[in-house]
Amino acid sequence: MKFLLGLLFTSLLAPLTFCASPTGKWSVSFNADGTVRETSVFLKQEGDLLTGYMLSHNGYEPIRDGKLTGDSLSFTIIRDNFGEERKTNYTGRIENDTMLLQMPGWEDHPGPLLHLKHVSTETPAAMPEAPKKISLPEAAPVPSNGLAKTPPMGWNSWNKFANKVTDKLIRETADAMVSSGLKDAGYTYVNIDDTWEAGRDAQGNIQTNSKFPDMKALADYIHSKGLKLGIYSSPGPKTCAGFEGSFQHEEQDAKTYAGWDVDYLKYDWCSASQVYDYHSMPAVYAKMGAALLASGRPILYSLCQYGVFHGAQWGASVGGNSWRTTGDISDNWKSMSHIGFDLQLDLDRYAGPGHWNDPDMLEVGNGGMTETEYRTHMSLWSLLAAPLLAGNDLRSMTPAIFAILANKDVIAIDQDPLGKQATRVAKDGDLEVWARPLANGAEAVGLFNRGASTAKVSAKKSDLRLTGGGYSVRDLWAHAERGEFSDQFSADVPSHGVVLIKLEPSK
Ligand code: GLA
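Below is a short write-up of the structure. (Residues numbered from 1 in each chain as written. Predicted model: local features only at pLDDT ≥ 70, side-chain atom pairs only at ≥ 80, totals over all residues. Heavy atoms only, no water.)

**Side note on the pattern of salt bridges**
Tallied over the full model, the rule gives 27 salt bridges. Its salt-bridge partner being Arg-200, residue Glu-244 comes within 3.2 Å of it at the nearest N-O pair. Of the two residues, Glu-244 sits in the loop between strand E14 (228-233) and helix H6 (250-259) while Arg-200 sits in strand E12 (residues 197-200), which places them 44 residues apart along the sequence. The shortest N-O distance in the salt bridge between Arg-324 and Asp-328 comes to 2.7 Å. When its relative accessible area of 28% is taken as the criterion, Asp-328 is described as partly exposed. (Salt bridge = Lys/Arg side-chain N within 4 Å of Asp/Glu carboxyl O. Helix = DSSP H or I, 4+ residues; strand = E, 2+ residues; numbered from the N terminus. Buried < 20%, exposed > 50% of the residue type's maximum accessible area, 1.4 Å probe, protein only.)

**Notes on the packing of aromatic side chains**
Using the criterion set out here, one finds 18 aromatic pairs in the structure. Ring geometry for Tyr-257 and Trp-260: centres 6.4 Å apart, planes at 40°, overall tilted. The two residues Tyr-257 and Trp-260 agree in class, both being buried. Over the face of the ring belonging to Tyr-221 we find Arg-171, whose NZ or CZ atom lies 4.9 Å from the ring centre. (Phe/Tyr/Trp six-rings, centres within 6.5 Å; stacked < 30°, edge-to-face > 60°. Lys NZ or Arg CZ within 6 Å of the ring centre and 35° of its normal.)

**Description of the site of the ligand**
The environment of the ligand is made up of 13 residues, and the closest members are Asp-193, Asp-194, Lys-266, Asp-268 and Asp-328. Within the side chain of Asp-193, an N or O atom sits 2.6 Å from an oxygen atom of the ligand. In this structure, Asp-194 approaches the ligand through a side-chain N or O atom, which is 2.8 Å from an oxygen atom. Broken down by class, the residue content of the shell around the ligand amounts to seven nonpolar, no polar and six charged. (Near = heavy atom within 4 Å. Polar contact = N/O pair within 3.5 Å; in protein donor to acceptor, adjacent residues only side chain to side chain. Nonpolar A, V, L, I, M, F, W, Y, C, P; charged D, E, K, R; others polar.)

**Description of helix H10 (residues 333-342)**
Counted residue by residue, H10 has seven buried out of 10 residues, so it is predominantly covered. Considering only its buried residues, H10 is in contact with helix H11 (371-383), strand E21 (431-437) and strand E22 (443-449). For H10, the N-terminal capping position is held by Asn-332, with its side-chain oxygen 3.3 Å away from the main-chain nitrogen of Lys-334. (Contact = heavy atoms within 4.5 Å.)

**Focus on the environment of His-355**
Considering the arrangement of structural elements, one finds His-355 in the loop between H10 and strand E18 (356-358). For the pair His-355 and Ala-386, spaced 31 residues apart in sequence, the C-alpha to C-alpha distance is 10 Å. Once residues lying within four places of it in the same chain are set aside, the contact partners of His-355 are Ala-148, Ala-316, Gly-320, Asn-321, Trp-323 and Tyr-350. At a separation of 3.0 Å, a polar atom in the side chain of His-355 contacts the main-chain carbonyl oxygen of Tyr-350.

**Thoughts on unusual backbone geometry**
In this structure, Asn-96 is a non-glycine residue whose phi angle is positive, near 55°. With respect to the secondary-structure elements, Asn-96 resides in the loop between strand E7 (84-95) and strand E8 (98-102). For Asp-360, which is not a glycine, the phi torsion comes out positive at approximately 90°. Secondary-structure assignment places Asp-360 in the loop between E18 and H11. For Asp-360, a relative accessible area of 3% gives the class buried.

**Topic: the state of the cysteines**
In total, this model carries one disulfide according to the counting rule given. Residue pairing for Cys-240: its cysteine sulfur links by disulfide to Cys-270, the two sulfurs lying 1.9 Å apart. Its torsion about the S-S bond being -95°, the disulfide of Cys-240 and Cys-270 is classed as left-handed. In this pair, Cys-240 is assigned in the loop between E14 and H6 and Cys-270 in the loop between strand E15 (264-268) and helix H7 (272-275), connecting sequence segments 30 residues apart. Under the relative-accessibility criterion, Cys-240 is labelled partly exposed at 29%. Cys-304 forms no disulfide, and the closest cysteine sulfur to it belongs to Cys-240, at a distance of 6.5 Å. (Disulfide = S-S within 2.5 Å.)

**A word on the sheet that holds strand E24 (residues 471-475)**
Within a sheet, each strand pairs with its neighbour through backbone hydrogen bonds, oriented either parallel or antiparallel. Taken together, the six strands give an open sheet; going across it, the order is E20-E21-E22-E27-E24-E25, and neighbouring strands pair in antiparallel fashion. Every interior strand has two partners, whereas the edge strands, strand E20 (423-428) and strand E25 (480-485), have only one. Across the sheet, the mean angle from the axis of one strand to that of its neighbour is 25°, orientation sign disregarded. Of the strands in this sheet, E21, E22 and strand E27 (498-505) are in contact with H11, which crosses E22 at around 145°. (Pairing = 2+ DSSP bridges. Axes fitted to C-alpha atoms, helices over the stretch in contact; angles between N-to-C directions.)

Take a look at the structure:
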């Protein structure tokens, strides 16, 4: 009887605790690959309305449209995306004193589900005011570092591994780059993307987290293979994945990278929006450009600011060897084709030896596209004189994927010393022809079919701005000669496919 009464009592009490007001502070600190991070939500409940704010690596941000329905809650945070509002929706559930909050992800990478504890039930005080943003004066142009005479080639950890990158993975990738033959095909840089960083020591020196026990030893290993090592940071206080950024430590970090013998820096805007007025973006990038030069080590400088604020127009003048022209690529046809075909128009004038437009890294071999689509990806990126940074698992690459990444004729288009980026010379619905002039009077021409079924695509002489007399035609994927070029060259191109040809002046 006593037991039954006890059971009745607890089951009556349970819904009481369950329905307790979410008003107060909810907090979690969690270990993100070696870095301890905190997120708190400060809520005030009135009926089914929630007001308050959130504190995360983005700083304090007011929550909007907060709603409580039973034990489920939702709210929106509005962020300033370079003058445009971007809404992010959060959803959660309250279970007793725990709030399960789903964090937004990056494109195809879902964010973590946080377990926040109800650490205070007091109505939160007003949100602290955001500090004023910094406006930097215009910076002097940063002299060229003399690197990247042709677009950089290598590999980057983000597309396949995101926060799973480790010292071991980087070493194994370098091994695979050599043993597969990709190194011989021209791939050189092995680049660690976000999530290697820990905090700073008492002198402000950036520390690596537990995934990277000794960066200098790792660089030595990479160099012993005849390869180069790349690293990643942000001009903001935090990187995009919430790790330590280079804000107010630019010179010091550049020296640290040089001391580790790093060869490449990807510098990703991320939380810089919280501290800088975005009109200062060129000056912010110039600061690191100058710091890398002053470090005394040749470090390739790759800007990542998603093409906002006309990055292509000033990327080279801040010392950039490349600059992203768009948001993040995903491993699917829609993303790749939209970025490659639609978002690169009119950027060709900014590219040239030493400074390149970057339509983001390759997804070839990551499984979300067909081999036909990956050939289109590789062909288009080569025509665009884009950095060729593979993003797949090199340790388990199939021969077919290797053949796409390592096609020497296609790579030679990308690496052509003239450094002229292709333009779209003809478009007829889903059918597009892109062409780029090459050294010694040759021309690379891509016949693309973005449609759903095989179609005949023609490259016409009148569209190609050819200057010489006769040309021979070579098909760079079929590895076959296609005779003399007359007034036009036509080919049946499969859905989402390409026929990539090189026109060589006849002797
Ligand atoms: C941004 C960049 C990506 C990657 C991630 C890492 O989204 O555009 O390429 O570097 O950050 O957090």
